[in-house]
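# Close look at the chain arrangement
Listed below, chain by chain, are the residues.
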Amino acid sequence: MAARILDGRALAAELRGAIAERSTVLRTRGIVPRLEVVVVGADAASLAYVRGLESAGAKTGVEVRVARLPADGDEGQVRTLLRVLGDDPVVHGVILQQPLPAHLGIRRVAEAMPPAKDVDGANPLNFGRLAFGSGTELVAATPLAVMALLERSERSALRGVRVCVVGRSSVVGLPVALLLLARDATVTVVHRGTRDLGSRTREADVLVSAAGVPGLVRADMVAPRATVIDVGTTYVDGALRGDVAYDEVARVAAEITPVPGGVGPVTNVMLMGNVVTAAERHGPTAHDDRAS
Ligand code: ADP
């Protein structure tokens, strides 16, 4: 029996309405929720990504702008731009398009990301707060999207559920693991250093893959009737590919997210939701209200 498709486009459409309504309320107060996408250089993949964001922004009342730096832009330029955007009251959300060019280290620029505008969780301060369980300004959009899809899955009651997360990056794997632990799931995180990946992934009721390796997850690595969430987004010959060998895994799993059309569209909506939340908290009019 083929797996049920966890349809990210349908979920995104469902979630968009409430966010668009909140944007409309803000606009009547003179606040236009605005996201700035910092792009260093411009490859085809990042341009496609920005187009997806513009479309999600248009449907939720969020203005999406691109702040571009040249491909050879240095760390100092990125930090300066992040600070300028942090100080700009009409900007509510900022993301740094990744991967950055090889000469730029995300770890060396991430702390310059303004924490209150950090809609995709790049600043280690927000990550630390998540790990500490002390409440973040904003939970990053991609992990939120994974949780929203799981919410609609057969495994929505996550307590005691065995989850295997493939990948330990600070923007996806680790925050997803922390959010799942907070919901009392039993979480195993596997990565490049894991021996016999399949023996770990096969134990999981829920498999979340965020490795960025097309075709990494094969059918023999998946437990029968598992729920499979594919966070991988890699361009191969101009086409978007996930981590999961979809056709064969769909014959084993109970539920699966496609790529494209799974985690991506939900992430974009979550991102816009975070921008609107930031605008509600920190918009200039809200600030003026406090002052008066
Ligand atoms: P993302 O930002 O999508 O999380 P990163 O490139 O930052 O992507 O992280 C990729 C993660 O995937 C790393 O934690 C890495 O250890 C893991 N990974 C990459 N390749 C493999 C592999 N072949 N097997 C298991 N894990 C892998």
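Rules used in this analysis
Residues numbered from 1 in each chain as written. Predicted model: local features only at pLDDT ≥ 70, side-chain atom pairs only at ≥ 80, totals over all residues. Heavy atoms only, no water. Buried < 20%, exposed > 50% of the residue type's maximum accessible area, 1.4 Å probe, protein only. Helix = DSSP H or I, 4+ residues; strand = E, 2+ residues; numbered from the N terminus. Contact = heavy atoms within 4.5 Å. Near = heavy atom within 4 Å. Polar contact = N/O pair within 3.5 Å; in protein donor to acceptor, adjacent residues only side chain to side chain. Nonpolar A, V, L, I, M, F, W, Y, C, P; charged D, E, K, R; others polar. Domains from an automatic or database assignment. Axes fitted to C-alpha atoms, helices over the stretch in contact; angles between N-to-C directions. Parallel < 35°, antiparallel > 145°, perpendicular 65-115°, else oblique. Left-handed = near helix turned anticlockwise from the far one by under 90°. Pairing = 2+ DSSP bridges. Right-handed = clockwise from strand over helix to strand, strands pointing away. 1 Å grid on protein atoms, 1.4 Å probe; cavity = no way out; pocket = protein on both sides within 12 Å on 5 of 7 lines; lining within 4 Å. Points joined across faces, edges and corners; volume = space filled by probe spheres on them. Salt bridge = Lys/Arg side-chain N within 4 Å of Asp/Glu carboxyl O.

Glancing now at helix α6 (residues 141–151). The buried fraction of α6 amounts to nine of the 11 residues, a majority that puts the element mostly inside the structure. Within the sequence span of α6, burial applies to Ala141, Thr142, Pro143, Ala145, Val146, Met147, Ala148, Leu149 and Leu150. The inward-facing, buried residues of α6 contact α1 (8–28), α7 (173–182), β7 (206–209), β8 (227–230) and α10 (263–282).

Turning to the site of the ligand, a few remarks are in order. The full set of residues close to the ligand is Gly167, Arg168, Ser169, Val171, Val172, His191, Arg192, Leu197, Ala210, Ala211, Val213 and Leu216. Backbone polar atom of Arg168 to an oxygen atom of the ligand: 2.7 Å apart, as the coordinates give it. In the model, an oxygen atom of the ligand is placed 2.5 Å from a nitrogen or oxygen of the Ser169 side chain. Along the lines of polarity and charge, the residues of the shell around the ligand split into seven nonpolar, three polar and two charged.

Before going further, it helps to spend a moment on the domain arrangement of the protein chain. Under the domain assignment used here, the protein chain contains domain 1 (30–116) and domain 2 (141–264). Using C-alpha coordinates to define each centre, domain 1 is positioned 27 Å away from domain 2.

This brings us to the packing of α6 against α7. Two numbers describe how α6 lies on α7: the axes approach to 9 Å, and their chain directions differ by 45°. Accordingly, the angle class assigned to the pair α6 and α7 is oblique. In this structure, α6 meets α7 at a crossing whose hand is right-handed. Only Pro175, Val176, Leu179 and Leu180 of α7 make contact with α6, whose side of the interface consists of Pro143, Leu144, Val146, Met147 and Leu150. Looking at side-chain class alone, the contact of α6 with α7 contains nine nonpolar, no polar and no charged residues.

Strand direction decides the pairing type here: strand β5 (residues 162–166) and strand β6 (residues 186–190), joined by five bridges, are parallel. Each residue of the ladder has a partner; that of Arg162, found in β6, is Thr186. Following the chain from β5 across α7 to the adjacent parallel β6, one finds a crossover that is right-handed.

Next up on the list: the sheet that holds β5. A sheet is described by the order of its strands in space; here six strands give the open sequence β1-β11-β8-β7-β5-β6, paired in parallel fashion. A single partner strand is all that each edge strand has here, and the edge strands are β1 (4–5) and β6. Where α6 meets the sheet, its contacts fall on β7 and β8, and the angle it forms with β8 comes to roughly 155°.

What follows is about empty space enclosed by the protein. In total, this model carries one cavity of 30 Å³ or more according to the counting rule given. In this structure, the largest cavity encloses a volume near 90 Å³. For the lining of the largest cavity, the element with the highest residue contribution is helix α5 (residues 124–132), accounting for three residues.

Here Gly264 is to be found in helix α10. It is 8.2 Å that separates the C-alpha atoms of Gly264 and Thr233, two residues lying 31 residues apart in sequence.

What follows concerns the pattern of salt bridges. Tallied over the entire structure, the rule returns 11 salt bridges. As a salt-bridge pair, Glu14 and Arg152 come within 3.2 Å of each other at their nearest N and O atoms. Of the two residues, Glu14 sits in helix α1 while Arg152 sits in the loop between α6 and β5, which places them 138 residues apart along the sequence. A salt bridge links Glu111 to Arg79; its shortest N-O distance comes to 2.9 Å. Here Arg79 lies in helix α3 (residues 75–87) and Glu111 lies in the loop between α4 (106–109) and α5, a separation of 32 residues in the sequence. On the accessibility criterion, Glu111 (41% relative accessible area) is partly exposed.

This paragraph deals with the sheet that holds strand β4 (residues 93–96). Note on sheets: strands pair through backbone hydrogen bonds, and any given pair is parallel or antiparallel. The three strands lie next to each other as β3-β2-β4, forming an open sheet whose pairing is parallel. Of all strands in the sheet, those with a lone pairing partner are β3 (63–69) and β4, marking the two edges. Averaged over all adjacent pairs, the angle separating strand axes in this sheet is 20°, with direction ignored. With four bridges joining them, strand β2 (residues 34–40) and β4 adopt parallel strand pairing. Paired with Val38 across the strands is Leu96, a residue of β4. Across the sheet, helix α2 (residues 44–60) is in contact with β2, β3 and β4; its angle to β3 comes to roughly 155°.

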